[in-house]
Amino acid sequence: MHGEYKMPGGKLVVVDLDLRDGRFAGVRLSGDFFLEPDAALPVINAALEGQPTGIDDATLVAAIDAALPAGTTMYGISSAAIVVTLRRALHEGAPA
Amino acid sequence: MSRSDWRDHDWQLIHAAPQPPLLHMALDEALLDAVGAGRRPPTLRLWEWASPAVVIGRFQSLRNEVDFDAAQRHGIEVVRRISGGGAMFIEPGNTITYSIYAPLAMVEGLSFQESYALMDAWVLEALRELGIEAWYQPLNDLASAAGKIGGAAQTRRGGALLHHVTMAYDIDAAKMLDVLRIGREKLSDKGTASAAKRVDPLRSQTGLPRAGVVERMLATFRRLHGLADDRLREEELAQAQALVRDKFGTAAWITDVP
């Protein structure tokens, strides 16, 4: 599944993932945002990996924030925007 | 620590003969580290391209951004840079690309937007002197009334900031759209219906040859901030070549975000 979200006032955020046994699998975040350190990218993917599909958005945002390395900076992207993108990927194919 | 100003630093210019795309990627890392470690004074590097390339941002998906078959058909190499931001389509002579390697002290306490505005100010002045009214358009674009002129990207590591910019001098928009996948979502808040309209090149706006635009830009930097002619050192080139071999030229790096 594939979702894209142009964060208002920000950059393009993209999430690709699969579902396995009711959980997120193979989560891959990408886009033209700015994120430092760059090692934060796989950390975010790992924080989303294996989460149950029934999880609420606030818990997902908190999971990302808790996993980020100390001093991580984001420009044109946010934890909330990542979760919006992930929801779009899950609803892929549904009418807008 | 108080913020330093352009004139507090002894700016150096590196403007070498055309170099291959992978070497440019590696030079950005090598020179950023050199300035961050205090081995090199703050530096402006003007890029000359030896061959065409698509340069994708640090976090862009290779598959989502590039039509690989089309790139191969056109003989265009795909490389990944160390900064975030979007894909650039490069043909020698068609873009003006430069990097600023600045001490972090220059952006101490500034927001990201303020640090882009600070680093872009001299080039906006240069464009104004060339008759182009241009401005920094957050988050990281250079814009004019006629359309986008270029884009900037920053990354920070050690004690230094990299601010690099690619401006379109001339552009084969059809070829660019053949090679880059520019999605509808990306264009959703840009206010233009066609991706080709997003870029307005400098050639049509200045009527000057590319080298003339570059010369005027460097003269403006020199006048505003001071600029001494320098060259790439042996050990810097050797380090960049090692980075090409061990990092930028590897499949692991190019496909790091597949």
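A quick note: this is a predicted structure, and the numbers were derived from the prediction, not measured. (Residues numbered from 1 in each chain as written. Chains lettered and ligands numbered in written order. Predicted model: local features only at pLDDT ≥ 70, side-chain atom pairs only at ≥ 80, totals over all residues. Heavy atoms only, no water.)

Trainee: How should I be thinking about the overall build of chain A in this particular structure?
Mentor: When helices and strands are tallied, chain A shows 3 helices and 5 strands. Helices (α) and strands (β) of chain A occur, in sequence order from the N terminus, as β-β-β-β-α-α-β-α. Scaling as 2.2 N^0.38, a compact globule of 96 residues should have a C-alpha radius of gyration of about 12 Å, and chain A matches this with 12 Å. Overall size of chain A, expressed as C-alpha extent along the three principal axes, is 35 × 25 × 20 Å. By residue count, 49% of the 96 residues in chain A fall in the buried class. If you sum the accessible surface of chain A, you get close to 4100 Å²; carbon and sulfur atoms cover 57% of it. Taking the average location of the 7 positive side-chain charges in chain A and that of its 12 negative ones, the two points are 3 Å from each other. (Helix = DSSP H or I, 4+ residues; strand = E, 2+ residues; numbered from the N terminus. Rg over C-alpha atoms; globule rule 2.2 N^0.38 Å. Buried < 20%, exposed > 50% of the residue type's maximum accessible area, 1.4 Å probe, protein only. Areas by Shrake-Rupley, 256 points an atom, 1.4 Å probe, with all protein chains shown as cover. Lys, Arg positive; Asp, Glu negative; His and termini not counted. Charge placed at Lys NZ, Arg CZ, Asp CG, Glu CD.)

Trainee: Looking at this structure, how should I read the packing of aromatic side chains?
Mentor: When we look at a pair of aromatic rings, we describe it by the centre distance and by the angle of the planes. All told, the structure shown has 13 aromatic pairs over all chains when counted by the stated rule. Taken together, a centroid distance of 6.1 Å and an interplanar angle of 70 degrees make the contact between phenylalanine 34 of chain A and tyrosine 116 of chain B edge-to-face. Note that phenylalanine 34 of chain A is positioned in strand E4 (residues 34–36) and tyrosine 116 of chain B in helix H4 (residues 112–129), a pairing that runs across two chains. Exposure class is identical for phenylalanine 34 of chain A and tyrosine 116 of chain B. Each is buried. Note on tyrosine 116 of chain B and tyrosine 136 of chain B: the rings are 6.2 Å apart at their centroids and 5 degrees apart in plane angle, and the pair reads as stacked. With a gap of 20 residues between them, tyrosine 116 of chain B in helix H4 and tyrosine 136 of chain B in strand E7 (residues 134–137) connect regions that are remote in the sequence. The class of tyrosine 116 of chain B is buried, set by a relative accessible area of 1%. Positioned over the ring face of tryptophan 253 of chain B is lysine 247 of chain B, at 4.6 Å from the centre of the ring. (Phe/Tyr/Trp six-rings, centres within 6.5 Å; stacked < 30°, edge-to-face > 60°. Lys NZ or Arg CZ within 6 Å of the ring centre and 35° of its normal.)

Trainee: So what exactly am I meant to see when it comes to the nonpolar core here?
Mentor: Soluble, globular proteins show a tendency: their nonpolar side chains are buried together. Counting residues in each nonpolar core, the largest one holds 40 residues, and the members touching the most others are Leu44, Tyr98, Ile100, Trp122, Met167, Leu202 and Met217 of chain B. With 7 residues, H4 of chain B is the single largest residue contributor to this core. (Core = buried A, V, L, I, M, F, W, Y, C linked by side-chain atoms within 4.5 Å.)

Trainee: How do you make sense of the interface of chain A and chain B when you look at a structure like this?
Mentor: Think of interface size as the accessible area that goes away when the parts come together; that is how it is often given. Each partner contributes residues to the interface: chain A has 26 residues there, and chain B has 26 residues. At the boundary of chain A with chain B, total buried surface from both sides reaches about 2100 Å², with 56% on carbon and sulfur atoms. For the chain A face of the interface with chain B, the top three residues by lost area are Lys6, Phe34 and Tyr75 of chain A, together amounting to 31%. The tally of links from chain A across to chain B stands at 1 salt bridge. Two residues, aspartate 38 of chain A and arginine 58 of chain B, come together in a salt bridge whose shortest N-O distance is 2.8 Å. Linking chain A to chain B there are 10 residue pairs in polar contact (both at pLDDT 80 or more). Those elements giving two or more residues to the side of chain A that touches chain B turn out to be strand E1 (2–6), strand E2 (12–20), strand E3 (23–31), E4 and strand E5 (73–75) of chain A. Residues of the side of chain A that touches chain B, tallied by class, amount to 10 nonpolar, 7 polar and 9 charged. (Contact = heavy atoms within 4.5 Å. Buried area = accessible area lost by both parts, 1.4 Å probe. Salt bridge = Lys/Arg side-chain N within 4 Å of Asp/Glu carboxyl O. Polar contact = N/O pair within 3.5 Å; in protein donor to acceptor, adjacent residues only side chain to side chain. Nonpolar A, V, L, I, M, F, W, Y, C, P; charged D, E, K, R; others polar.)

Trainee: Explain helix H7 (residues 210–225) of chain B to me, please; I cannot follow it from the model alone.
Mentor: Because an α-helix packs 3.6 residues into every turn, residues spaced three or four apart end up facing the same way. All names here are of chain B. Taking 1.5 Å per residue as the helical rise, H7 with its 16 residues ought to reach 22 Å, and the 22 Å between its terminal C-alpha atoms agrees with that figure. Listed in full, the buried residues belonging to H7 are Arg210, Gly212, Val213, Val214, Met217, Leu218, Thr220, Phe221 and His225. Looking at the buried positions of H7, the neighbouring elements they touch are strand E1 (12–15), strand E2 (43–47), strand E6 (95–103), H4, strand E10 (160–168) and helix H6 (202–206). Once H7 finishes, glycine 226 follows within two positions and takes phi at roughly 80 degrees, a positive value. (Expected span 1.5 Å × (residues − 1).)

Trainee: Teacher, can you tell me more about the sheet that holds strand E5 (residues 88–90) of chain B here?
Mentor: Within a beta sheet, neighbouring strands are joined by backbone hydrogen bonds and run either parallel or antiparallel to one another. All names here are of chain B. Taken together, the 3 strands give an open sheet; going across it, the order is E4-E3-E5, and neighbouring strands pair in mixed fashion. Among the strands making up the open sheet, the edge pair consists of strand E4 (77–80) and E5. Along the sheet, successive strands turn relative to each other by an average axial angle of 20 degrees, direction set aside. With 4 bridges joining them, strand E3 (residues 53–56) and E4 adopt parallel strand pairing. By the bridge assignment, valine 55 is partnered in E4 with valine 79. Where helix H1 (residues 21–36) meets the sheet, its contacts fall on E3 and E4, and the angle it forms with E4 comes to roughly 10 degrees. (Pairing = 2+ DSSP bridges. Axes fitted to C-alpha atoms, helices over the stretch in contact; angles between N-to-C directions.)

Trainee: Which parts of the structure should I look at to understand the pattern of salt bridges?
Mentor: Side-chain pairing between opposite charges can occur once the charged atoms of the two side chains come close. All names here are of chain B. Following the criterion strictly, the structure yields 20 salt bridges over all chains and no others. Across the salt bridge formed by arginine 157 and aspartate 33, the nearest N and O atoms sit 3.3 Å from each other. With a gap of 124 residues between them, arginine 157 in strand E9 (residues 147–157) and aspartate 33 in helix H1 connect regions that are remote in the sequence. Note on aspartate 33: relative accessible area 24%, which makes it partly exposed. Across the pair aspartate 229 and arginine 222 runs a salt bridge, and its minimum N-O distance is 3.4 Å.

Trainee: What is the right way to read the pairing of strand E8 (residues 141–144) of chain B from this model?
Mentor: In summary, the side chains of a regular strand alternate between the two faces of the sheet. Residue and element names in this part refer to chain B. Of the two faces of E8, the one holding Asp141 and Ala143 and the one holding Leu142 and Ser144 are both buried throughout. Bridge count between E7 and E8: 4 bridges; the pairing is antiparallel. Residue glutamine 137 lies in a different strand from E8, and its bridge partner there is aspartate 141. In terms of strand pairing, E8 meets E9 through 4 bridges, oriented antiparallel. Within E9, the position partnered with leucine 142 by the bridge is glycine 150. Joining the antiparallel neighbours E8 and E9 is a turn of 2 residues.

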